[in-house]
Amino acid sequence: MSIFGAEPNYEISIGGLTYKHSPIDSPSLSNVSMKLPKGSRTILVGANGAGKSTLLQILAGKRLILQEDTHVHIKGRDVFRNSPPGVTFLGTEWAMNPVVRSDIVVHDFLNSVGGWRHKERRDKLLDILDVDLDWHMHAISDGERRRVQLVMGLMSDWDVLLLDEVTVDLDVLVRDDLLTFLLTDSETRGVTILYATHIFDGLSRFPTHVAHMHLGTVLSQPTPWPLTPESAAQVVSVDLGPNPPLYKLALQWLREDRELRRELEKQGRKTRGARIDEVPTDSETFYRKYDYSH
């Protein structure tokens, strides 16, 4: 049996995970391994394209992995072959779904997905997220629609919560109240949270661990937060000073990511940024090339 997956203290366990979106693509994830203890709250840090969303979708069972030498376990169970109960995934794509943009009243929508079964938690979340039950889903903003999504996703008693940038549409007050609720829920019920985000302000007291992804790999395994001087020396190349805020750590990691990527570009990786643009100088060639009307 793999050394990952069967250990009782690890709620999430990943070993040797490589994933391509199609056979001809480069891997979006390369040999990813990770262990998260039960009751932990891990912030996943990485630039756009690091593979955070892909990893969370795989953990949620939304992308199938076929490799025999790979395992993805939650609560000791294979997420594809023996799906564990109590796993909730909340991502950004929900708010763009045409179904949740139809003319349906929030009260009816929440009841249609089982809100009446979880009345106590539902009502608490309605207050925290400041949701009006008389809103019509088609007539509200993206931020208000996001609040409804969070009520729907969090009102049942989940054990593992996978969050992919779901606070991006929330105002500062609602976001802070939500994070306080999740922190209390995690501490009270011993549940586990893995949260990928680019918003680090006001987040330093939330995590128990931080992890760093870059170009589909895990550069820094989940490290206890706040950092000690010893752990900081292992995960970052510069001295961040005593008790650095999460924002400062994330900023340094992203700087290092960019420098590493630029070194890879010098070695042949496709470059980003400005380049020589060969624009036709005669009008006939120009309009033939840039005529998008057909």
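Residues numbered from 1 in each chain as written. Predicted model: local features only at pLDDT ≥ 70, side-chain atom pairs only at ≥ 80, totals over all residues. Heavy atoms only, no water.

### Description of the packing of aromatic side chains
Put simply, the rule is: In this scheme Phe, Tyr and Trp rings, the latter by its six-membered ring, pair at centre separations within 6.5 Å, and the angle between planes marks the pair as stacked below 30 degrees, edge-to-face above 60, and tilted otherwise. A run of H or I in DSSP becomes a helix once it reaches four residues, and a run of E becomes a strand once it reaches two; helices and strands are each numbered from the N terminus. Summary of the burial criterion: residues with accessible area below 20% of their type's maximum are buried, those above 50% are exposed, and those between are partly exposed, where the area comes from a 1.4 Å probe applied to protein chains only. A ring is considered to have a charge above it if a Lys NZ or an Arg CZ atom is located within 6 Å of its centre and within 35 degrees of its normal.
One pass over the structure, following the stated rule, counts two aromatic pairs. Judged by centre distance (6.3 Å) and plane angle (85°), the rings of Tyr-195 and Phe-206 are edge-to-face. Remark: Phe-206 occurs in the loop between strand E8 (192-196) and strand E9 (209-214) and Tyr-195 occurs in strand E8; sequence separation between them is 11 residues. Residue classification places Tyr-195 among the buried positions, given a relative accessible area of 0%. Ring geometry for Phe-286 and Tyr-290: centres 4.9 Å apart, planes at 55°, overall tilted. Under the relative-accessibility criterion, Phe-286 is labelled partly exposed at 29%. Take Tyr-290: its relative accessible area is 27%, and that puts it in the partly exposed class. The residue whose ring lies beneath Lys-35 is Tyr-10, and the NZ or CZ to ring-centre distance is 5.3 Å.

### Considering the sheet that holds strand E2 (residues 29-37)
Note the threshold: Only strands joined by at least two bridges in the DSSP assignment are considered to pair. Should any heavy atoms of two residues lie within 4.5 Å, those residues are counted as being in contact. The axes used here are C-alpha line fits, helices contributing only the stretch in contact, and every angle between their N-to-C directions lies in the interval 0 to 180 degrees.
Across the sheet, four strands lie side by side as E2-E1-E4-E5; this open sheet has antiparallel pairing. Two strands in the sheet have a free side with no partner beyond their single neighbour: E2 and strand E5 (77-78). Two elements, strand E4 (residues 71-74) and E5, share two bridges in a ladder whose sense is antiparallel. Across the sheet, Ile-74 pairs through a bridge with Arg-77, a residue of E5. Set on the sheet, helix H1 (residues 52-59) makes contact with strand E1 (10-19), E2 and E4; between it and E1 the angle comes to about 120°.

### Quick notes on the nonpolar core
Here is the rule we go by: Nonpolar core, defined: a set of buried Ala, Val, Leu, Ile, Met, Phe, Trp, Tyr and Cys residues in which side-chain atoms within 4.5 Å join the residues together.
With 49 residues, the main nonpolar core has Ile-43, Leu-129, Val-148, Leu-154, Leu-182, Phe-206 and Leu-249 as its most contacted residues. Sorting elements by how many residues they give to this core places helix H5 (residues 172-189) first, with six residues. Setting aside its immediate chain neighbours within four residues, Leu-249 contacts Val-210, Trp-225, Leu-227, Val-236 and Leu-240. Counting residues in hydrophobic clusters, the runner-up holds 27 residues, among them Leu-29, Val-72, Ile-74 and Ala-211.

### Focus on the packing of helix H3 (residues 119-128) against H5
Rules: Roughly parallel covers angles under 35 degrees, roughly antiparallel covers those over 145, roughly perpendicular covers 65 to 115, and oblique covers all other angles. Basically, the charged four are Asp, Glu, Lys and Arg, the nonpolar ten are Ala, Val, Leu, Ile, Met, Phe, Trp, Tyr, Cys and Pro, and anything else, Gly included, counts as polar.
At a closest axis distance of 9 Å, the pairing of H3 and H5 adopts a crossing angle of 150°. In terms of orientation, H3 lies roughly antiparallel with respect to H5. Facing Arg-121, Lys-124, Leu-125 and Ile-128 of H3, the residues of H5 in contact are Val-174, Asp-177, Leu-178, Phe-181, Asp-185 and Arg-189. The class makeup of the residues in the contact of H3 with H5 is five nonpolar, no polar and five charged.

### Examining H1
The buried fraction of H1 is high, at seven of eight residues. Looking at H1, one finds that the buried residues are Lys-52, Thr-54, Leu-55, Leu-56, Gln-57, Ile-58 and Leu-59.

### Quick look at the pairing of E4
Burial of the side chains of E4 extends over both faces: His-71 and His-73 are buried on one face and Val-72 and Ile-74 on the other. Between E4 and E5, which pair antiparallel in sequence order, lie two residues; one of them, Lys-75, sits at a positive phi of approximately 55°.

### A short note on the pattern of salt bridges
Quick reminder of the rule: For salt bridges, the criterion is a side-chain nitrogen of Lys or Arg within 4 Å of an Asp or Glu carboxyl oxygen.
In this structure the tally under the stated criterion is 18 salt bridges. As a salt-bridge pair, Arg-101 and Asp-142 come within 3.0 Å of each other at their nearest N and O atoms. Of this pair, Arg-101 sits in the loop between strand E6 (87-90) and helix H2 (106-112) while Asp-142 sits in helix H4 (residues 142-154); the two residues are 41 residues apart in sequence, bridging distant segments of the chain. Between Asp-123 and Arg-122 there is a salt bridge, with the nearest N and O atoms lying 2.9 Å from each other. Looking at Asp-123, the relative accessible area reads 24%, which means it is partly exposed. Connected through shared salt-bridge partners, Arg-121, Asp-157, Asp-185 and Arg-189 make up one network.

### Quick notes on the side chain of Thr-54
In this fold, Thr-54 is placed in helix H1. With near-sequence residues (within four places) excluded, Thr-54 lies in contact with Tyr-19, His-21, Ser-28, Leu-29 and Arg-63.

### Quick word on the environment of Arg-81
Mapped onto the secondary structure, Arg-81 falls in the loop between E5 and E6. Sequence separation between Arg-81 and Leu-64 is 17 residues, and the spatial gap between their C-alpha atoms is 10.0 Å.

### Some details on the sheet that holds E6
Taken together, six strands build an open sheet; the order of strands is E6-E7-E8-E3-E9-E10 and the sheet is mixed. Across the chains shown, the open sheet's two edge strands, defined by having one partner strand only, are E6 and strand E10 (217-224). The average angle at which neighbouring strand axes cross in this sheet is 15°, direction not considered. Inspection of the sheet shows strand E3 (residues 41-45) paired to E8 by four bridges, in the parallel sense.

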